[in-house]
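Residue strings, one per chain:
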Amino acid sequence: MNDSSPRALNRRRLFAFGGAAVGAATLAACNSKVLAGGPSATATPSSASATTTAAATTCVLTSEATEGPYWLDNSLVRKDITEGKSGAALTLQLTVVDYKNSCAPLSNAAVEIWHCDAWGYYSGFTTTSPGGSGPAEDGVGDEKTYLRGIQLTNSSGVAEFRTVFPGWYSPRAVHIHCKVYTGGTIDTSTNTYENGTAHHTGQFFFLDDLVTQVEAAKPYSQHTGTITTLANDMVYTGKGVQDGLLTVTGSLSAGFVATIAVGVDPSYTAASGGGGGGGGTPPSGAPASPPSG
């Protein structure tokens, strides 16, 4: 990072989400400040599928949240971030909209995500205990880059990732981190996003019943312990899609699709480390802040 402004992020520090549950078709509703919104029905652990339905809601500015201790400045520009990691298939479809401009699609924005694997381990921090009892990190994938990636939004404001459903670590609810950037470029020599400015830092969440269903199946079930619910999470405040609650369809056998609209203010520059909300005490052995580079 060599920018003189503490709020300008020189590398792939991109994204944040929030807003309402979406598909590209919902963008037409943005002109009236309305998007498809929070789930009105929950999946049950006994159900073969995990589905949430959407209800109309006002277009919202997605809540700011801390980036936490596990962000790394090494995310690659790519759609598939799995690197062979096992777990329930998850397609994450994110629609970034300009909250200050009638929720118009924000094209060419850089969206970055990162999350832990099925047993609670983050790449770059594979010796950090996720809490509870379970196997050591499995060594699959590049231990610095798995389950991290960046995508640019298309003309409809959509960025899509292929990954696996995250596991859990104490004391946090199951979540996915994100950042949204603009103004940067892709360095083709390193396949990384450089010199972007972050406009949002946030986290995505899943309904408790869906988490219970997934975490009871292998390989997730090999990590045992108490999973934090949304009500007890120190970042999620109960504001539904505004706080990053995903709308999820699909099943363990067929894979899941999670969607959300991320409402951002392009005039806002997110400080390093993110905004409001607690970061959550990292599990035993986790660093207070991510290493540089």
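Higher on the page you've got the structure.
Residues numbered from 1 in each chain as written. Predicted model: local features only at pLDDT ≥ 70, side-chain atom pairs only at ≥ 80, totals over all residues. Heavy atoms only, no water.

S.K.: Just checking my understanding: could you explain the overall build of the protein for this structure?
M.R.: For the protein, the count of helices and strands is 1 helix and 13 strands. For the protein, the N- to C-terminal ordering of α and β elements is β-β-β-β-β-β-β-β-β-β-β-α-β-β. Here the protein holds 293 residues, and 54% of them are scored as buried. For the protein, the proportion of contacts with a sequence separation of at least 24, taken over those separated by at least 6, is 80%. As presented, the protein carries roughly 10,900 Å² of accessible surface, and 50% of it is formed by carbon and sulfur atoms. (Helix = DSSP H or I, 4+ residues; strand = E, 2+ residues; numbered from the N terminus. Buried < 20%, exposed > 50% of the residue type's maximum accessible area, 1.4 Å probe, protein only. Contact = heavy atoms within 4.5 Å. Areas by Shrake-Rupley, 256 points an atom, 1.4 Å probe, with all protein chains shown as cover.)

S.K.: Help me understand the pattern of salt bridges in this model?
M.R.: Opposite charge on two side chains permits them to pair, given that their charged atoms come into close proximity. The full count for this structure, using the stated rule, is 9 salt bridges. Among the salt bridges present, the one from Lys 79 reaches Glu 160, with a minimum N-O distance of 3.0 Å. You can see Lys 79 sitting in the loop between strand E2 (54-58) and strand E3 (89-98) and its partner Glu 160 sitting in strand E7 (residues 158-164), a full 81 residues away along the chain. With a closest N to O distance of 3.9 Å, Glu 143 and Lys 144 form a salt bridge. Of the residues examined, Glu 143 reaches a relative accessible area of 34% and is grouped as partly exposed. (Salt bridge = Lys/Arg side-chain N within 4 Å of Asp/Glu carboxyl O.)

S.K.: I keep staring at empty space enclosed by the protein and nothing clicks. Help me out?
M.R.: Gaps left between atoms are located by rolling a probe of water-molecule size over the structure's atoms. Within this structure, the stated rule accounts for 2 cavities of 30 Å³ or more. The space that makes up the largest cavity amounts to roughly 50 Å³. Taken together, 10 residues line the largest cavity, and the ones lying closest to its centre are Tyr 70, Gly 120, Tyr 122, Phe 125 and Thr 128. Here the residues of the lining of the largest cavity sort into 7 nonpolar, 3 polar and no charged. Taken as a whole, the second largest cavity encloses approximately 40 Å³ of empty space. Among the residues forming the lining of the second largest cavity, the class breakdown is 3 nonpolar, 1 polar and 3 charged. (1 Å grid on protein atoms, 1.4 Å probe; cavity = no way out; pocket = protein on both sides within 12 Å on 5 of 7 lines; lining within 4 Å. Points joined across faces, edges and corners; volume = space filled by probe spheres on them. Nonpolar A, V, L, I, M, F, W, Y, C, P; charged D, E, K, R; others polar.)

S.K.: I would appreciate a short explanation of unusual backbone geometry in the present structure.
M.R.: Apart from glycine, the bulk of residues carry a negative phi angle, and the bulk of peptide bonds sit in the trans form. The step from Ser 170 to Pro 171 runs through a cis peptide bond, and the omega angle for that step is 10 degrees. When you line up the elements, Pro 171 lands in the loop between E7 and strand E8 (175-182). A positive phi angle, near 60 degrees, is found at Leu 147, a position not held by glycine. By the element assignment, Leu 147 lies in the loop between strand E5 (110-114) and strand E6 (148-152). Since its relative accessible area comes to 0%, Leu 147 is described here as buried. The phi dihedral of Asn 191 is positive, around 55 degrees, even though this residue is not glycine. With respect to the secondary-structure elements, Asn 191 resides in the loop between strand E9 (185-187) and strand E10 (192-194). Assessed through its relative accessible area of 32%, Asn 191 is described here as partly exposed.

S.K.: Before we go on, may I ask you to explain the nonpolar core in this structure?
M.R.: The nonpolar side chains of a soluble globular protein tend to be buried with one another. Counting residues in hydrophobic clusters, the biggest one holds 37 residues, and the most contacted among them are Leu 92, Phe 165, Phe 204 and Phe 206. Taken together, the elements giving at least two residues each to this core come down to E3, E5, E7, E8, helix H1 (208-215) and strand E13 (255-264). Here the element with the most residues in this core is E13; it accounts for 5 residues. Not counting chain neighbours up to four residues away, the residues in contact with Leu 92 comprise Ile 113, Ala 159, Glu 160, Phe 161, Ile 176, Phe 204, Leu 246 and Ala 258. (Core = buried A, V, L, I, M, F, W, Y, C linked by side-chain atoms within 4.5 Å.)

S.K.: Just to check I follow, could you spell out the sheet that holds E5 for this structure?
M.R.: Read from one edge of the open sheet, 4 strands run E6-E5-E8-E11, paired in antiparallel fashion. Both outer strands of the open sheet, E6 and strand E11 (197-205), are each paired with one neighbouring strand and no more. Direction aside, neighbouring strands of the sheet carry axes that sit 20 degrees apart on average. Sheet analysis places E5 next to E8, joined by 5 bridges and oriented antiparallel. Looking at the pairing, Val 111 lines up with Val 180 of E8. (Pairing = 2+ DSSP bridges. Axes fitted to C-alpha atoms, helices over the stretch in contact; angles between N-to-C directions.)

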